[in-house]
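These are the residues of each chain, in order.
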Amino acid sequence: MTDMENMRRIFVTGGAGFIGSAFVRLLLEEFPSCEVVNFDALTYAGNLDNLKEIQDGRHRFVRGDICDPAAVLAALEEGTDCLVNFAAESHVDRSIHSAAEFVRTNVLGTQVLLDAARAKGVGRFVQVSTDEVMGSLPERDDAFFKESSPFEPNSPYSASKAAAEHLCRAARHTHGTDVVLTRCGNNYGPRQFPEKFLPLMLSNAMRDLPIPVYGDGRNVRDWIFVEDHCRAILAVMSKGRAGEVYNIGARNERRNIEVAESVLDALGKPRTLLQFVKDRPGHDRRYAIDPAKVETELDWRPRETWESGLQKTIRWYQENAEWVERARSGAYRDYYQKQYGQEVGAG
Ligand code: NAD
Ligand code: TYD
């Protein structure tokens, strides 16, 4: 068992992305004595704008690829207390178009980090994983993902994250690495790239563009505000038991169509903006997390309700139109065209 007193030097990968940047901000705010190296390749999803409010000498950004052992070893200092791995290709639809980059970053990259952590004597390795490694649940009130649920990944994205978990488990078993894993559900909040459902809906609806809803819109996701996820990672990092997995969720299951309607209502936009489009291949039907372990063992609870988290998120997107504009320019347009074609208007 460790605690935050022993967590002064933290190496974060993927800290220019949506969740990683929220985590870095939280870490610096909550722990005045910690220092953070933020290692990120700045792919299409990484954005230095996400870090521009961090004016703190305790934060050092290094641009680098987690698949490059020399770059990782150069940036990872001896005496690092904890490595938290957020770096990943993270979008299911992109993994359906092409899986190679998912295998490279999510699988090979995780092994490179595990090896480097061992070489440099890093105290603890936190792997940020996903509930999606456990596949799809039936639509029954008593079916939930537990830490003991079997691996049943259904998309190239979730399969690559499951493979990364196996490598973490093997590092623990074979080399005795202090690894802890988190599996969280669907995050929402400020700075999420607008290819994911919630920010895509927000940015489209704010421009009176149609909202693409896959299939019958009745797929269920378990939503959590990004800072609540980050606080849970802090709890796991500082108090979690080595070798354990912790499921993280806010007990907030919703059908996609309900989520879309809440967003439209909150923005005062008509429901006629909803546009049903062809389903995602292999679309997981339902995710629902049982967070009892992280709640009871680590005394973690979410702070935001769905209503308060959604309000904060909407306000951020309304106040940061420039961020959205920049994210939607360039390569995003090509992706949008490929994913939605002429069906859903201009991205
Ligand atoms: P994101 O796509 O917003 O950010 C990923 C970050 O990783 C980006 O900054 C990107 O530049 C960086 N990155 C990608 N490839 C890299 C490489 N080869 N080397 C170094 N950096 C690289 O993703 P996110 O939504 O913030 O997710 C972060 C992590 O949390 C991922 O591991 C994801 O699997 C996991 N997760 C996400 C969710 C969710 O709802 N978004 C839920 C559960 C778990
Ligand atoms: P997404 O944000 O891609 O997260 P994940 O696939 O990891 O759960 O999608 C959330 C849900 O919204 C999922 O059921 C797919 C659906 N969805 C749509 O209906 N339309 C869209 O345009 C997108 C991107 C997602």
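For the structure itself, look to the data block above.
All values reported here derive from a predicted model rather than from experimental measurement.

A. Representation of the sheet that holds strand β3 (residues 59–63). Spatially, the seven strands line up as an open sheet ordered β3-β2-β1-β4-β5-β6-β10, and their pairing is parallel. At either end of the open sheet lies a strand with only one pairing partner, and these are β3 and β10 (245–248). With direction set aside, neighbouring strand axes in the sheet form an average angle of 20°. Contacts from helix α5 (residues 156–175) reach β5 (124–130) and β6 (179–184) within the one sheet, and its direction differs from that of β5 by about 155°. Its contacts with the sheet place helix α7 (residues 226–239) against β1 (9–13), β4 (82–85), β5, β6 and β10, and it is angled at close to 145° to β5.

B. Spatial organisation of the site of ligand 2. Taken together, the neighbourhood of ligand 2 is formed by 19 residues, with E132, R221, R280, H283 and Y340 sitting nearest. Contacts to ligand 2 include F197, whose backbone N or O atom sits 2.9 Å from an oxygen atom. A distance of 2.9 Å is found between an oxygen atom of ligand 2 and a side-chain nitrogen or oxygen belonging to N256. With the chains in place, 97% of the 510 Å² that ligand 2 exposes on its own is no longer accessible. Classifying every residue of the shell around ligand 2 gives eight nonpolar, five polar and six charged.

C. Structural context of the environment of N154. Tracing the backbone shows N154 in the loop between β5 and α5. When its relative accessible area of 46% is taken as the criterion, N154 is described as partly exposed. When the C-alpha positions of N154 and M134 are compared, they lie 8.6 Å apart, and in sequence the two are 20 residues distant. A distance of 2.7 Å separates the side chain of N154 from the side chain of D284, its partner in a polar contact.

D. Looking closely at the nonpolar core. Ranked by size, the top nonpolar core spans 40 residues in total, and within it I10, V12, F23, L27, V84, F86 and M237 carry the most contacts. Put simply, the parts of the chain that give this core at least two residues each are β1, α1 (18–30), β4, β5, β6, α7, β10 and α9 (292–298). F86 has contacts with V12, T13, G14, I19, G20, F23, V128 and I233, leaving out every residue within four places of it along the chain. Among the nonpolar cores identified, the runner-up in size contains 33 residues, and A205, W223, W306 and W316 belong to it.

E. View of the pattern of salt bridges. According to the stated counting rule, one finds 29 salt bridges in the structure shown. In this structure, R60 and E77 form a salt bridge, with 3.0 Å as the shortest nitrogen-oxygen distance. You can see R60 sitting in strand β3 and its partner E77 sitting in the loop between α2 (69–75) and β4, a full 17 residues away along the chain. Judged by its relative accessible area of 39%, R60 is partly exposed. Within the structure, one salt-bridge network assembled from shared partners comprises E139, D216, R255 and R285.

F. Layout of the pairing of β5. Counting buried positions over the seven residues of β5 gives seven, a clear majority of the element. On β5, burial covers both faces: R124, V126, V128 and T130 on one face and F125, Q127 and S129 on the other are all buried. As judged from the four bridges shared by β4 and β5, these two strands associate in the parallel manner. Bridge pairing in β5 places C82 opposite R124. You can see the chain leave β5, run along α5 and come back into β6, and the turn it takes is right-handed.

G. Structural context of the site of ligand 1. Within the structure, ligand 1 sits among 29 residues, and I19, D40, S90, Y157 and K161 are positioned closest to it. At a separation of 2.9 Å, a nitrogen atom of ligand 1 approaches a polar backbone atom of I66. For ligand 1, an oxygen atom lies 2.7 Å from a polar atom in the side chain of S90. For ligand 1, the accessible surface in isolation is 840 Å², of which the surrounding protein chains cover 96%. Only α1, β5, α5 and β7 (186–188) provide two or more residues apiece to the shell around ligand 1. Looking at the shell around ligand 1, the element that brings in the most residues is β5, giving three residues. Grouping the amino acids of the shell around ligand 1 by side-chain chemistry returns 13 nonpolar, twelve polar and four charged.

H. Main features of the packing of aromatic side chains. This model, assessed by the stated rule, comprises 16 aromatic pairs. Geometrically, the ring pair formed by F23 and F86 is tilted, given 5.2 Å between the ring centres and 50° between the ring planes. Highlighted residues: F23 in helix α1 and F86 in the loop between β4 and α3 (92–97), separated in sequence by 63 residues. One exposure class covers both F23 and F86, and it is buried. Ring geometry for Y188 against W306: centres 5.0 Å apart, planes inclined by 70°, an arrangement best described as edge-to-face. One end of the pair, Y188, is in strand β7; the other, W306, is in helix α10 (residues 306–319), and 118 residues separate them in sequence. Accessibility classification places Y188 together with W306 in one group, the buried group. The structure contains a cluster of three or more aromatic residues connected by ring pairs, namely Y44, F193, Y214, Y332, Y336 and Y340. R286 extends its terminal NZ or CZ atom over the ring of F144, reaching a point 5.7 Å from the ring centre. For K293, the ring lying beneath its charged end belongs to Y246, and the centroid distance is 4.7 Å.

Cut-offs used in this document
- Residues numbered from 1 in each chain as written.
- Chains lettered and ligands numbered in written order.
- Predicted model: local features only at pLDDT ≥ 70, side-chain atom pairs only at ≥ 80, totals over all residues.
- Heavy atoms only, no water.
- Pairing = 2+ DSSP bridges.
- Helix = DSSP H or I, 4+ residues; strand = E, 2+ residues; numbered from the N terminus.
- Axes fitted to C-alpha atoms, helices over the stretch in contact; angles between N-to-C directions.
- Contact = heavy atoms within 4.5 Å.
- Near = heavy atom within 4 Å.
- Polar contact = N/O pair within 3.5 Å; in protein donor to acceptor, adjacent residues only side chain to side chain.
- Areas by Shrake-Rupley, 256 points an atom, 1.4 Å probe, with all protein chains shown as cover.
- Nonpolar A, V, L, I, M, F, W, Y, C, P; charged D, E, K, R; others polar.
- Buried < 20%, exposed > 50% of the residue type's maximum accessible area, 1.4 Å probe, protein only.
- Core = buried A, V, L, I, M, F, W, Y, C linked by side-chain atoms within 4.5 Å.
- Salt bridge = Lys/Arg side-chain N within 4 Å of Asp/Glu carboxyl O.
- Right-handed = clockwise from strand over helix to strand, strands pointing away.
- Phe/Tyr/Trp six-rings, centres within 6.5 Å; stacked < 30°, edge-to-face > 60°.
- Lys NZ or Arg CZ within 6 Å of the ring centre and 35° of its normal.

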